[in-house]
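Examining the three-dimensional arrangement
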Amino acid sequence: MSEDALRTEAWPQTYAEEAQPRMGFFTDTSVCIGCKACEVACKEWNQVPEDGLLFTADSYDNTGSLGANSWRHVAFIEQDRPLRVGADAAAHGGGDDGFRWLMSSDVCKHCTHSACLDVCPTGAIIRTELGTVIVQEDVCNGCGYCVPACPFGVLDRREIEDDGRVFKCTLCYDRTREGMTPACAQACPTESIQYGPLDELRVRAAGRLDRVVEDGFAGARLYGHDPADGVGGFGAFFLLLDEPAVYGLPPEPVATTRDLPQMWRAAALAAGALALTAALSLFGGRR
Amino acid sequence: MPGLGTSFGRGGATTFQQDLQNSDCIVIMGSNMAECHPVGFQWVMEARARGARIIHVDPRFTRTSAVATDHVRIRAGSDIAFLGGIVNYILEHRREFRDYVVAYTNAPVIVDEGFKDTEDLDGFFSGWNAEKGTYDNTTWQYAGMEVHGAAGQREMGATQGEQSGHGGHGAALKHGEPPETDPTLEHPRCVFQLLRRHYARYTPELVEDVCGVPRERFVEVAEALCRNSGRERTSAFAYAVGWTQHTVGVQYIRTAAIIQLLLGNIGRPGGGILALRGHASIQGSTDIPTLYNILPGYIPMPHAQAHDNLQRFLELNTSPSGFWGNMAAYTVSLLKAWWGPHATAENDFCFDYLPRITGDHSAYQTALDMLDHRVKGQIVVGQNPAVGSANSGLHRKALAELEWLVVRDLVEVETAAFWYDSPEVERGELRTQDIGTEVFFLPAAAHTEKDGSFTNTQRLLQWHHKAVEPLGDCRSELWFYYHLGRIIREKVAASEDERDRPLLELQWHYPTEGEIGEPSAEAVLREINGTGPDGAALSAYTELADDGSTACGCWIYCGCFADEVNRPARRTPGSEQTWVAPEWGWAWPANRRILYNRASADPDGRPWSERKRYVWWDEDEERWTGEDVPDFQPDKRPDYVPPAGAKAQDAIAGVHPFIMQPDGRGWLFVPSGVVDGPLPTHYEPHESPSANPLYGQQSNPARQIFNRPGNRSHPSNGSPGADRYPYVMTTYRLTEHHTAGGMSRFVPYLAELQPAMFIEVSPELAAERGLEHGGWATVSSERAAIEGRVLVTERMAPVRVEGRPVHQVGLPYHWGTRGLTRGASANDLFPIVLDPNVHIQEVKAATCDIRPGRSPRGARA
């Protein structure tokens, strides 16, 4: 197996002239109002089934996590700390009783280095001409290799009616390939979810971060915007108001297949060494 | 909407949601806008992005608070003290927009010398009749004015509040000018000075004591509002049923109106008061009303005693000045729309065909009348009172006393199923075999299955086109009423009986189409718009005549079908027009988006500032012009002075922007049209843990109480037994569900997002009562005990009032016994006790107890 075949940055070359600018999401949680329109619009458009009337008592979050039946998940975090700090906050009167309620709509990250894609043995998981990562439901055989491969726990097998296949956000491939906006971004009333060419979104996000920090949101940061991170940057990245872990997101995600090439190399080396040793011993034996 | 109607002249939001982006400060109070109006809330977020201060004043920390710049926690039911405190702050620190106040409001008007304030009479205004429990507003009038049957009340017979609503119906002023004014605002009986005295005790300290808001926090809010108002800046208010669902609900809105008039924020971009409505077409349902006491366009419903004939009706309801001076044209055109050629000058244009009201026939009174067997049958459409009404258990019992009940809805809601699936049946209080009510459930078509229009929160008519045919027996409302009328008319076709003539002569001819005979919604819209002598669609209500030559189904909607174009159906994208977007839908009146927008210019007609430029007088063109349709006669000069004998709008001077009011002014003080006082004053909720520190009179004396079995109230602060119900409870909605749940609990994608009835409490209250997070608790009142899952959250922190904590219990009211997610109905807990103006229930503040564990189940012993 060549290293190139493993590394997903082979895209867009594999699409030749069909390749398009890489598209993605920028989810700006500083303007999320927790309305869950994204969750509903996603389920409506993609015909994702309802998966249980479970009261979690976890603030207003009864979805719990991303999974085969929830491709958008709005987290609600209640915190004993003010929304803003610093001079600007003082000008605003401090504002909020030293309490804040963070909301954030999570989604598949559509990683640059997608471990799920790397490990999929059937070729069900592919990267599209838009640079997004999708599971082809007519190819997936439900082996589940991708489930532990995802560093975010996004992939999950649908256990409804013995289905067993893996389902996740397709970034509304059926819409985006036609130039339309994904359902969640279309439904978002506050432009917390923005869809567009990743390059443009990254520029926009940087500007937005400056503004938010200026406004006194001291813990604000971008998450997943950096191509140098452990998954090569997200195709769907975020502006968060606190540590990723607060939102249940891994602080430093790493593609679980990142070290595979080295491991293959090491294994090849070891195998070679072994063969050499054997040959030498044989040769030596003759001698 | 008498709060807005009496203050400004029209019972609708003064602005539109898109205009919030121009605000420098937005106060959201009595509303959880982000959760209940998430789409419109984008404009609040836009304002925030532009640097505006967003202040959310609310008992709870909600999804709105989460993205506001400030959350100010307030005790439920104390808003007038808070807002009155702002009025006092403005006046005390001389922060009013003086030029605006003197020219555009009734601040300089001198009031009758007989007027006595609540400050003089320990919580009562002059004119209180303790026996009747109502006010006579004679002494509230402008000094020197001929009092001419009190406005808003003049239709009243024995009951109160049937006709409240519009300042415009109000004072009868000769030539549109109040007889006595003092532009220096110094006269002791001028409105400005009355305001000063009335609110003098509403200090930051009082606000702290009543509302539980630390005084410095309150001052920050008051100061933010003042700093963000004036020539260069504007502030807006947004409210919803958190203000209206109180026994002083109308007065809450009135207080905001006073603030906005004093600060000069009405009629200007980024200003205004936005009344946020809870349904897609609630505004529409008062414009073309589902109410018993008004006709389309806010024309009063004639009363049995007062209105023997059209002439008498018009005499009592026509204002000599302002646009309500054309009442004859509006009324006659309506009668022509309904009875066509049968309506002639000789027969009073069929005025006698209109039903007459004889008393209070509002929703709650009717429910109680059902209990007392005074009502035989009921048709329930688009509502679910078995879940949504205060004291819903009593309402369910009332349904069981009917002979027949028709429920039209998308699904079999609790109101349709009460006879076999209700808490009363489960407890054995009602037995199915004993219930004689014959129940008809008729499946309704959804908005996607029919053509029609919504009139939304900002008076905007938007057309929706049918996307799919309704399934099975599902039918549109239009289909139902058209064919019901058709069949009834057929049944009486041969009748010679006089009483059937209104039916037989009714113009009931609409084209139908398709297999099911769906009537044309556009034909109905055109009839509402109105037609002229040539049969062509009219363009504006100024074309309406009182001689029978025009017909118009709702005068304020006149122009929505101008040039035979369905204007509500227009959808020019925002990118292809100005930010005001006049070609998206159509707004009443006359497609105006900001009402009273002449006030965006100074008395000479020039913008108050470049930054807040909107509508102004163009001297070269000799016309008003600007971003919006001017809310003024387009060629009336700013220096116009009405000649002697001028009538209606011609009696309004060129400097007065409130053209529906008889004096063209915004009313700080309302002489008529509000039945419980000309000025808002703080009263405690009907049930309250606190004493009223201002007056011996604890609660609104004019509120409607129905003290009867099943609807008993709790004693309030200090009275024996008050400690049995020590906590405040309040109801609200969640984004995930829709009102009484008929459109959400039955939908899997919504039900799973909020899958259980829950009760929100603070950690302190949880500790005090031993409530377990995620466990069960039971909330109780004299009306009911209901259970729910417990959410312990600091979002519900208690407020401190007079040194002690007041705990507030939060109750979403979406649940009932039906649907995918089922649970107890919060409204079961609340008493029927009403605002006297609009008969709206007080469910935003009452008292309760809460205990751990589930409520007792099964049949009662």
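See above for the structure.
Worth saying up front: this structure is predicted, and the values here are computed from it rather than measured.

**With respect to the sheet that holds strand 2 (residues 53-58) of chain B**
All names here are of chain B. In space, the five strands of this open sheet follow the order 3-2-1-6-7, with parallel pairing throughout. Edge positions in the open sheet fall to strand 3 (70-73) and strand 7 (273-275), since each of these has one partner strand only. Neighbour-to-neighbour, the strand axes of this sheet turn through a mean angle of 20°, independent of strand direction. Where strand 1 (residues 25-29) lies against strand 2, five bridges are found, and the strand directions are parallel.

**Side note on the environment of A:Asp156**
Residue and element names in this part refer to chain A. Within the secondary structure, aspartate 156 sits in the loop between helix 5 (146-149) and helix 6 (173-176). Put simply, aspartate 156 and valine 166 are ten residues apart on the chain and 5.5 Å apart in space, counted from C-alpha to C-alpha. Leave out the neighbours within four places in its chain, and aspartate 156 touches Gly67, Ala68, Val147 and Val166.

**Digging into the packing of helix 5 (residues 79-92) of chain B against helix 7 (residues 191-199) of chain B**
Residue and element names in this part refer to chain B. Packing of helix 5 against helix 7 leaves a shortest axis separation of 9 Å and a crossing angle of 120°. With respect to helix 7, the axis of helix 5 lies oblique. Handedness of the helix 5/helix 7 crossing: left-handed. Where helix 5 approaches helix 7, its residues Gly84, Val87, Asn88 and Leu91 are matched on the opposing element by Leu195, Arg196 and Tyr199. Per-class residue counts for the contact of helix 5 with helix 7 are four nonpolar, two polar and one charged.

**Digging into the environment of B:Asp639**
Residues and elements named next belong to chain B. Mapped onto the fold, aspartate 639 is located in the loop between strand 19 (623-626) and strand 20 (704-705). Given 12 C-beta atoms within 10 Å, aspartate 639 falls into the exposed group. C-alpha of aspartate 639 to C-alpha of alanine 653: the two residues are 14 residues apart in sequence and 7.5 Å apart in space.

**Observations regarding the pairing of strand 29 (residues 846-852) of chain B**
Residues and elements named next belong to chain B. Bridge count for strand 21 (residues 727-732) against strand 29 is three bridges, and the pairing is antiparallel. Its bridge partner lying in strand 29, valine 728 is registered against threonine 847. Judged from the four bridges that link them, strand 23 (residues 776-780) and strand 29 form a sheet pairing that is antiparallel. Residue alanine 777 lies in a different strand from strand 29, and its bridge partner there is proline 852.

Parameters and conventions
Residues numbered from 1 in each chain as written. Chains lettered and ligands numbered in written order. Predicted model: local features only at pLDDT ≥ 70, side-chain atom pairs only at ≥ 80, totals over all residues. Pairing = 2+ DSSP bridges. Helix = DSSP H or I, 4+ residues; strand = E, 2+ residues; numbered from the N terminus. Axes fitted to C-alpha atoms, helices over the stretch in contact; angles between N-to-C directions. Contact = placed C-beta atoms within 7 Å. Parallel < 35°, antiparallel > 145°, perpendicular 65-115°, else oblique. Left-handed = near helix turned anticlockwise from the far one by under 90°. Nonpolar A, V, L, I, M, F, W, Y, C, P; charged D, E, K, R; others polar. Buried ≥ 20, exposed ≤ 12 C-beta atoms within 10 Å, placed from the backbone.

In short, geometric facts, not functional conclusions.
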